[in-house]
Amino acid sequence: MGEVNTFIQSIPLDYFVILSSVLFCLGVMGVLLRKNAIVILGCVELMLNSVNLLLAAFSAYKGNGDGQLLVFFIMVVAAAEVAVGLAIIAMLYRNTRSVDVSIFNKLRG
Amino acid sequence: MDQFLFFLVAFLAVASAVYFVFAKNPLYAILSLIVTMFSIAGMYILLNAQFLAIIQIIVYAGAIMVLFLYILMMLNLNKEDESKKNNTLKFVGVFTAGILLVGILGVFRGVRENHIVVENVDRGIGLTKNLGRLLFNEYVLPFELASILILAGIVGAVLIGKKDL
């Protein structure tokens, strides 16, 4: 097949592992540091994306398509999750006029 | 040349992710997250996963990020809206993430020796034709269940977003 590039033969798999680890830890750091609920949801998206990248890399290097289909299903779930999560954030903003997670302690006991 | 391309895209992804985590203004943070999504789409193209690259651009960079921006602009947040965390908590957050990174990289360093040989690159496993064949042969049931999940998500978002339940 002529249209497939042979790029991945010159890159070790370790590079993709390191890159996705760095992205995942940046997402964890964002969840721990930030207080804006929208940004925290974005950090969860970043973590999902790093795992997607790792799955696609392993799938491409092993020549097996199952990992890439798993990435596809993760994207579907992420889309549904973001729709519901942003609706929840909008509802919280309507009730409290803020998206700061440090004042969302209304469920506490 | 190939390695240069990889490092360029990887640097773009990491730099925009760092800016996303540390930016004060949430609008700029989300815009920088869009750059991260696009660079991950570039990574998919480099990995011969063209289908995933297109889906990444359409779903993540297109739909999800636009939804984020829409909500962010609708809520009309001020920059000083974000309350300050004290320095101890900030230090603990950065320290924990750093330790996690060191741990993950250390775990993967142990398996560094067994290189995975790149095989079957000529079959083009990430092309839409092959993935579609796989999807509608072995993964039909999860595909249909995903449609039910999306439907439930739509109904849930509408119900939560309504003014009076």
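Given the structure is predicted, the values throughout are model-derived calculations rather than measurements.

Re the interface of chain A and chain B
Taken together, the contact pairs 79 residues of chain A with 84 residues of chain B. Of the roughly 7,600 Å² buried between chain A and chain B, counting both surfaces, carbon and sulfur atoms make up 75%. Here chain A and chain B share eight residue pairs in polar contact (both at pLDDT 80 or more) between them. With 23 residues, the top contributor of residues to the side of chain A that touches chain B is helix 3 (residues 66-96) of chain A. For the side of chain A that touches chain B, a count of residues per class yields 54 nonpolar, 16 polar and nine charged.

Points about the packing of helix 1 (residues 13-33) of chain A against helix 2 (residues 37-62) of chain A
Think of two packed helices as two axes; the pair is described by the angle between the axes and how far apart they sit. Residue and element names in this part refer to chain A. Interhelical geometry of helix 1 versus helix 2 gives an angle of 165° and a closest axis separation of 8 Å. Judged on the interaxial angle alone, helix 2 and helix 1 are roughly antiparallel. Read as a crossing pair, helix 1 and helix 2 show a hand that is left-handed. For the pair helix 1 and helix 2, the contacting residues are Leu13, Phe16, Val17, Leu19, Ser20, Leu23, Phe24, Leu26, Gly27, Val28, Gly30 and Val31 in the first and Ile40, Cys43, Val44, Leu46, Met47, Ser50, Val51, Leu53, Leu54, Ala57, Phe58 and Tyr61 in the second.

A word on the nonpolar core
In this structure, A:Phe16, B:Phe20, B:Tyr44, B:Leu47 and B:Phe68 are the most contacted members of the largest nonpolar core, which totals 68 residues. Of all the elements in the fold, those that place two or more residues in this core are helix 1, helix 2 and helix 3 of chain A together with helix 1 (2-22), helix 2 (26-46), helix 3 (50-75) and helix 5 (128-137) of chain B. For this core, the element with the most residues is helix 3 of chain B, which contributes 14 residues.

Section: the packing of aromatic side chains
In this structure the tally under the stated criterion is 10 aromatic pairs over all chains. When the centroid spacing of 5.8 Å and the interplanar angle of 45° are considered together, the rings of A:Phe72 and B:Phe51 count as tilted. Pair noted here: A:Phe72 is in helix 3 and B:Phe51 is in helix 3, and the two residues belong to different chains. We classify A:Phe72 as buried; its relative accessible area is 12%. An aromatic cluster of three or more residues is present, and its members are A:Tyr15, A:Phe16, A:Tyr61, B:Phe6 and B:Phe7.

Thresholds applied
For every chain, the first residue of its written sequence is number 1, and the numbers climb from 1 along that sequence. Throughout, the order in which chains and ligands are written sets their labels, letters from A for the former and numbers from 1 for the latter. Local features are withheld for residues below a pLDDT of 70 in this predicted model, meaning they are given only at 70 or higher, and side-chain atom pairs are given and counted only at 80 or more; totals for whole chains, interfaces and linings count all residues. Computation of side-chain values covers all heavy atoms of the structure but excludes hydrogens and water. Only heavy atoms matter for contacts: two residues are in contact if any of them lie within 4.5 Å across the pair. Buried surface area refers to the total accessible area, computed with a probe of radius 1.4 Å, that the two partners give up upon joining, counted for both partners together. As used in this structure description, the phrase polar contact means that two N or O atoms lie within 3.5 Å; if the pair is within protein, one of them must be able to donate a hydrogen and the other to accept it, and residues adjacent in sequence are counted only when both atoms belong to side chains. The helix count covers DSSP runs of H or I at least four residues long, the strand count covers runs of E at least two residues long, and both are numbered beginning at the N terminus. Residue type decides the class: Asp, Glu, Lys and Arg count as charged, Ala, Val, Leu, Ile, Met, Phe, Trp, Tyr, Cys and Pro as nonpolar, and the leftover types, Gly among them, as polar. Only the stretch in contact is used when fitting a helix axis, every axis being a line fitted to C-alpha atoms; angles between N-to-C directions are given from 0 to 180 degrees. Here the angle decides the label: under 35 degrees means roughly parallel, over 145 means roughly antiparallel, 65 to 115 means roughly perpendicular, and every other value means oblique. Crossing handedness is read from the near helix: turned anticlockwise from the far helix by less than a right angle, it gives a left-handed crossing, and turned clockwise, a right-handed one. Put simply, buried Ala, Val, Leu, Ile, Met, Phe, Trp, Tyr and Cys residues joined by side-chain atoms within 4.5 Å make one nonpolar core. Partly exposed describes any residue whose relative accessible area lies between the buried limit of under 20% and the exposed limit of over 50%, with all areas from a 1.4 Å probe on protein chains only and scaled to the type maximum. Two aromatic rings from Phe, Tyr or Trp, using only the six-membered ring of Trp, form a pair when their centres are within 6.5 Å; if the ring planes differ by under 30 degrees the pair is stacked, by over 60 it is edge-to-face, and anything between is tilted.

Structural measurements only, silent on function.
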